[in-house]
Amino acid sequence: MRRIHRTRRDWAADLGLMLFAAASSESLPIEENLDPLWLTVDQVIGGLGCATVLLRRRWPVALAVALLLAGSEVSHYLTGPAMVAVFTVAATRPWRATGWVAAVAFVPLPAFLWQLPEVSGDRKSSALTYFALIAGAIGWGLFRRSRQQLIASLRERAELAEADAELRAERARREAREEIAREMHDVLGHRLTLLSLHAGALEFHTKAPREEIGKAAGVIRESAHLALSDLREVIGVLRAGPAEPARPPP
């Protein structure tokens, strides 16, 4: 048997619906000439039916069918629990299950309408109120399920939009890093070209004065240092993650 885990909010909702079922049953009109003993039995059955509301999460369809059958044939005070049960089915179960429960609820309606002219005023008022409340509970449950489905759909769309925005932002950051790396690569190529030119000039002018040789060696050393620094920056940009600043590795 699958165990139903209930939070404090679920328990509060179940207890609130149980009180609602009891209050709804008490507010319905009843026949004035009803036997007091049967009225007491009816109230006891209604109290037990209100207690069964706590089972609505585990067996909603079976509970709804049982309460509907008993409410239409046995007990007047089961109307409130039946309303809660059909609301639960309409709000949480597939359309087919909701349709079967609605069929069970309104099967007696054609026969009642056929006999309507012969029914007493109190019984007529009670029956019409019963069918109206059951229809309202089913409609309320269908509205709540549609609203939950709409909220779930909007939440899913928001999550997809957020994920798409993150992908776009990551793509933009990657393209920016690649663009920076290309620019640094061009700068690095320029520095290496200067380094090669100075080294070539120094190679072919071996008899140049010592001052010019020293000056050329300084330029070569400075160009090599800058080229090495540019190379580290390029590698740092390419290695940088989405949330990391572009910095050269140690």
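Residues numbered from 1 in each chain as written. Predicted model: local features only at pLDDT ≥ 70, side-chain atom pairs only at ≥ 80, totals over all residues. Heavy atoms only, no water.

**Student:** I keep staring at a negative patch on the surface and nothing clicks. Help me out?
**Tutor:** Together, Glu 156, Glu 159, Glu 162 and Glu 166 give the surface a local cluster of negative charge. Along the chain, the position of Glu 156 falls in helix 7 (residues 121-204). (Patch = residues over 30% accessible without salt bridge, like charges linked within 9 Å, V, L, I, M, F, W, Y side chains within 5 Å. Areas by Shrake-Rupley, 256 points an atom, 1.4 Å probe, with all protein chains shown as cover. Salt bridge = Lys/Arg side-chain N within 4 Å of Asp/Glu carboxyl O. Lys, Arg positive; Asp, Glu negative; His and termini not counted. Charge placed at Lys NZ, Arg CZ, Asp CG, Glu CD. Helix = DSSP H or I, 4+ residues; strand = E, 2+ residues; numbered from the N terminus.)

**Student:** What am I meant to see in the nonpolar core here?
**Tutor:** Side chains of nonpolar character tend, in soluble globular proteins, to be buried together. One finds Ala 64, Leu 67, Leu 68, Val 86, Val 101, Ile 134 and Ile 138 to be the most contacted residues of the largest nonpolar core, which totals 23 residues. Secondary-structure elements contributing two or more residues to this core are helix 3 (60-73), helix 4 (79-92), helix 5 (95-106) and helix 7. Of the residues forming this core, the biggest block, eight residues, is contributed by helix 4. Counting five residues, the second largest nonpolar core, distinct from the first, contains Leu 17, Ala 21, Cys 50 and Val 84. (Core = buried A, V, L, I, M, F, W, Y, C linked by side-chain atoms within 4.5 Å. Buried < 20%, exposed > 50% of the residue type's maximum accessible area, 1.4 Å probe, protein only.)

**Student:** Explain the layout of surface pockets here, please?
**Tutor:** Sizing a probe to match a water molecule and rolling it over the atoms shows the empty space that remains. Volume-wise, the second largest pocket comes out at about 400 Å³. Around the second largest pocket, the lining is made up of 15 residues, and of these Asp 10, Arg 56, Arg 57, Arg 144 and Gln 148 lie nearest the centre. Mapped by element, the contributors of at least two residues to the lining of the second largest pocket are helix 1 (8-27), helix 4 and helix 7. Partitioning the lining of the second largest pocket into residue classes produces five nonpolar, three polar and seven charged. (1 Å grid on protein atoms, 1.4 Å probe; cavity = no way out; pocket = protein on both sides within 12 Å on 5 of 7 lines; lining within 4 Å. Points joined across faces, edges and corners; volume = space filled by probe spheres on them. Nonpolar A, V, L, I, M, F, W, Y, C, P; charged D, E, K, R; others polar.)

**Student:** Which parts of the structure should I look at to understand the pattern of salt bridges?
**Tutor:** Any two side chains of opposite charge can pair, so long as their charged atoms come close to each other. A complete count under the given rule lists two salt bridges for this structure. The closest approach of N and O atoms between Arg 168 and Asp 164, which form a salt bridge, is 2.8 Å. With Arg 168 and Asp 164 both in helix 7, this residue pair falls four residues apart, about one helical turn. By relative accessible area, Arg 168 is classed as exposed at 53%. Glu 170 is paired through a salt bridge with Arg 173; the nearest N and O atoms lie 3.3 Å apart. Of the two residues, Glu 170 and Arg 173 both sit in helix 7, three residues apart, roughly one turn of that helix.

**Student:** Looking at this structure, how should I read helix 5?
**Tutor:** Under the 1.5 Å per step criterion, the end-to-end length of helix 5 is 16 Å for twelve residues, consistent within 8% with the ideal 16 Å. Of all the residues in helix 5, the buried ones are Ala 97, Thr 98, Val 101, Ala 102 and Ala 105. Here the buried residues of helix 5 occupy an arc of 135° about the axis, which is enough to place them on one side. Exposed side of helix 5, more than 90 degrees from the buried face: Trp 95, Arg 96 and Trp 100 are the residues found there. (Expected span 1.5 Å × (residues − 1). Arc of directions from axis to C-beta.)

**Student:** Hey, could you run me through the packing of aromatic side chains in this one?
**Tutor:** The geometry of two aromatic rings is summed up by the distance between their centres and the angle between their planes. Tallied over the entire structure, the rule returns three aromatic pairs. Each ring, one from Phe 106 and one from Phe 131, has its centre 6.1 Å from the other, and the planes form 25°; the classification is stacked. Of this pair, Phe 106 sits in helix 5 while Phe 131 sits in helix 7; the two residues are 25 residues apart in sequence, bridging distant segments of the chain. Judged by its relative accessible area of 26%, Phe 106 is partly exposed. Look at Tyr 130 and Phe 131: their rings are 5.3 Å apart centre to centre, the planes differ by 70°, and that puts the pair in the edge-to-face class. Judged by relative accessible area, Tyr 130 falls into the buried class, the value being 9%. Given a relative accessible area of 10%, Phe 131 falls into the buried group. Feature note: the residues Phe 106, Tyr 130 and Phe 131 constitute an aromatic cluster, connected by ring pairs. Taking the ring centre of Trp 59 as reference, the NZ or CZ of Arg 58 above it sits at 5.5 Å. A cation sits over an aromatic face here: Arg 145 above Trp 95, 4.1 Å from the ring centre. (Phe/Tyr/Trp six-rings, centres within 6.5 Å; stacked < 30°, edge-to-face > 60°. Lys NZ or Arg CZ within 6 Å of the ring centre and 35° of its normal.)

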